[in-house]
Every structure is written in C-alpha cells, then in structure tokens.
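Observations on the model geometry
Take a look at the letters that make up each chain.
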Amino acid sequence: MSAIEWIKKRRAIRQFTSKPVEESKLRSLLEAAVWSPNDRMREPWHFYVIRGEAKRKYEAAAEQFLQERFPTKPRLVEESLKVLYNIPALIVVTADLVEGDSDASEDNVFASCCAAYSIWLAAEELGLGCVWRTRGIGLVRDERLRALLQCPENRKIVGTLCIGYANEAPEPPKRNHYEDKTTWLQ
Ligand SMILES: Cc1cc2nc3c(=O)[nH]c(=O)nc-3n(C[C@H](O)[C@H](O)[C@H](O)COP(=O)(O)O)c2cc1C
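The following refers to the structure shown. What you see is a predicted model; the values in this text were computed from it and never measured. (Residues numbered from 1 in each chain as written. Predicted model: local features only at pLDDT ≥ 70, side-chain atom pairs only at ≥ 80, totals over all residues. Heavy atoms only, no water.)

What to know about the site of the ligand
In the vicinity of the ligand, the residues found are Arg 10, Arg 11, Ala 12, Arg 14, Trp 120, Val 131, Trp 132, Arg 133, Thr 134, Arg 135, Pro 173 and Arg 175. Measuring from a nitrogen atom of the ligand, one finds a backbone N or O atom of Trp 132 at 2.9 Å. If you tally residues by element for the shell around the ligand, the top one is strand E3 (residues 129-133), at three residues. Residues of the shell around the ligand, tallied by class, amount to five nonpolar, one polar and six charged. (Near = heavy atom within 4 Å. Polar contact = N/O pair within 3.5 Å; in protein donor to acceptor, adjacent residues only side chain to side chain. Helix = DSSP H or I, 4+ residues; strand = E, 2+ residues; numbered from the N terminus. Nonpolar A, V, L, I, M, F, W, Y, C, P; charged D, E, K, R; others polar.)

What about the sheet that holds strand E4 (residues 155-164)?
Across the sheet, which stays open at both edges, the four strands sit in the order E1-E2-E4-E3 with antiparallel pairing between neighbours. The sheet is open, and its two edges are formed by strand E1 (45-50) and E3, each paired on a single side. Put simply, the sheet's adjacent strands are angled 25° from each other on average, direction ignored. Two elements, strand E2 (residues 89-96) and E4, share eight bridges in a ladder whose sense is antiparallel. (Pairing = 2+ DSSP bridges. Axes fitted to C-alpha atoms, helices over the stretch in contact; angles between N-to-C directions.)

Observations concerning the nonpolar core
Counting 50 residues, the largest nonpolar core has Ile 119 and Ile 163 as its most contacted members. Element by element, the count of residues in this core is highest for helix H5 (residues 102-125), at eight residues. When near neighbours in sequence (up to four residues on either side) are disregarded, Ile 163 contacts Phe 16, Val 21, Leu 29, Ile 87, Pro 88, Ala 89, Ile 91, Ile 119, Leu 128, Gly 129 and Cys 130. (Core = buried A, V, L, I, M, F, W, Y, C linked by side-chain atoms within 4.5 Å. Buried < 20%, exposed > 50% of the residue type's maximum accessible area, 1.4 Å probe, protein only. Contact = heavy atoms within 4.5 Å.)

Some points on the pairing of E3
Among the five residues of E3, four are classified as buried, and the element is accordingly described as predominantly covered. For E3 and E4, the ladder comprises five bridges, and the chain directions are antiparallel. Paired with Gly 129 across the two strands is Gly 164, which belongs to E4.

Remarks on the packing of aromatic side chains
For the structure on display, the rule yields zero aromatic pairs. The ring centre of Trp 120 lies 4.2 Å from the NZ or CZ of Arg 10, which sits over that ring. One cation-aromatic arrangement involves Lys 19 over Tyr 165; the distance from NZ or CZ to the ring centre is 4.2 Å. (Phe/Tyr/Trp six-rings, centres within 6.5 Å; stacked < 30°, edge-to-face > 60°. Lys NZ or Arg CZ within 6 Å of the ring centre and 35° of its normal.)

Quick word on the packing of helix H3 (residues 52-69) against helix H4 (residues 74-85)
Where H3 contacts H4, the two axes come as close as 10 Å, and the packing angle between them is 165°. Classed by the angle they form, the pair H3 and H4 counts as roughly antiparallel. Seen from above, H3 lies across H4 with right-handed handedness. Between H3 and H4, the residues in contact are Lys 55, Tyr 58, Glu 59, Ala 62, Glu 63, Leu 66 and Gln 67 and Val 77, Ser 80, Leu 81, Leu 84 and Tyr 85, respectively. Looking at the contact of H3 with H4 residue by residue, the class counts come to seven nonpolar, two polar and three charged. (Parallel < 35°, antiparallel > 145°, perpendicular 65-115°, else oblique. Left-handed = near helix turned anticlockwise from the far one by under 90°.)

Looking at H4
Taking 1.5 Å as the rise per residue, H4 with 12 residues should run 16 Å; its terminal C-alpha atoms sit 16 Å apart, in good agreement. Those residues of H4 not exposed but buried are Val 77, Ser 80, Leu 81, Val 83 and Leu 84. Along the axis of H4, the buried residues cluster in a sector spanning 155°; they form a single face. When the buried face of H4 is taken as reference, the exposed residues oriented beyond 90 degrees from it are Pro 74, Arg 75, Glu 78 and Lys 82. Residues of H4 that are buried in the fold lie against H3, E2 and E3. (Expected span 1.5 Å × (residues − 1). Arc of directions from axis to C-beta.)

Notes on a positive patch on the surface
A cluster of basic side chains, namely Arg 14, Arg 135, Arg 141 and Lys 156, defines a positive patch on the protein surface. Structurally, Arg 141 can be placed in the loop between E3 and helix H6 (143-149). (Patch = residues over 30% accessible without salt bridge, like charges linked within 9 Å, V, L, I, M, F, W, Y side chains within 5 Å. Areas by Shrake-Rupley, 256 points an atom, 1.4 Å probe, with all protein chains shown as cover. Salt bridge = Lys/Arg side-chain N within 4 Å of Asp/Glu carboxyl O. Lys, Arg positive; Asp, Glu negative; His and termini not counted. Charge placed at Lys NZ, Arg CZ, Asp CG, Glu CD.)

Following this line, the structure appears as structure tokens:
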C-alpha cells in the first residue's frame, strides 16, 4: 500500500479487544516515532508507555478527573471509564519546552505532534488501532497526569495515544474537499 493510501486508511479507533499489545509492536511504534521530522535535530519528544500497575493508577486519576469535571453526568463518567478499562496500552507524548525561547518551544510541540502522528500511522500498518486523545480520559490538561508520570514542567504533554487491537471498524468521517481549505497564490 502506498503512503497516501495508509494516510487515508488510518482511523481513530476507540474500542479495543482485550488482546494485549505485544511489547515488540510498542517498540516498533516508538522506533517509527523517533524518525519524525524535528527542527535542528532537537528530538524534543519523550514517550511514557503506560501498562499494568501504571495503567491502574491512570484509571484512578481519570476517575477522579471525570467525577470532578462531570459531577451531574454519572453515566458519561461510567461509560468513559469503561472505554478506558478496555485500552490495553497508552503512550503519552510530550515536547521539551526551551526556557526563554518560545519559538523553539513551539517548534518542539509541532515536532512532537509529528511523532504522535507517526505512532498512529505505524499502528495502522502493524494492524493495531489507535486514537490520539486530549480531552476526557486523555487527561492531557489535567495535572494528575503530570504527577502520575512525574513529568517535569519543561515537558508539555501533547497527547495520549490509546493503543490496542481494534474492536470496531468505523466509517471514515466525511472530509471537506481540499479546495475548500486551500488558497492558491500565484
Ligand atoms: C490533537 C488531537 C486530539 C484529539 N482528541 C481526541 C479526544 O480527546 N477524544 C477522541 O475521542 N478523539 C480525539 N481525537 C481524534 C479525532 O476525533 C479523530 O481523529 C477525528 O474524529 C477524525 O477521525 P479519523 O481520525 O478516523 O479520521 C483527537 C485527534 C487529534 C489530532
């Protein structure tokens, strides 16, 4: 399959089977990630792989977060947690922030987003499902996640990648045509 075909085939997968993800496959994802483009070869990314007991701690943090965030929506909390319990592995991607250099920090975030996307695409090729989450159980903007990871303040959390074997085959969401999003300058 061509690169363009993989790009189009990749989907956000949110429902997983109980089959664990082989460590060799997780390593292949991380290997793909570090080949992402990055300015001045700062290689500004860091990856936190969460499984086993660490995943239990993540679930506890997510439960607290969801209960605080949605106090009047117990069904939503319960359903979100059910989704989380079924995720075999999580990879949290961060970007190094450069003190006193907001441009470099911003470029580092861009590069780490490329790394997250590389993982997502590589997952597709390895027969794994993946979704990049920030909101809800993604916990990206919740300090509990930073504490759990013992992630220093000079690393910005850009995404939580949920990885496993797909238990769904979603239809591709409709896309606007690129012409609607493009300005051709002469
Ligand atoms: C930066 C970013 C953040 C996202 N956050 C979430 C999220 O919090 N929850 C979620 O269900 N999906 C999240 N997604 C996945 C998108 O919803 C998904 O990519 C979109 O619906 C398009 O579907 P597709 O990826 O199958 O083409 C996120 C994607 C990106 C790139």
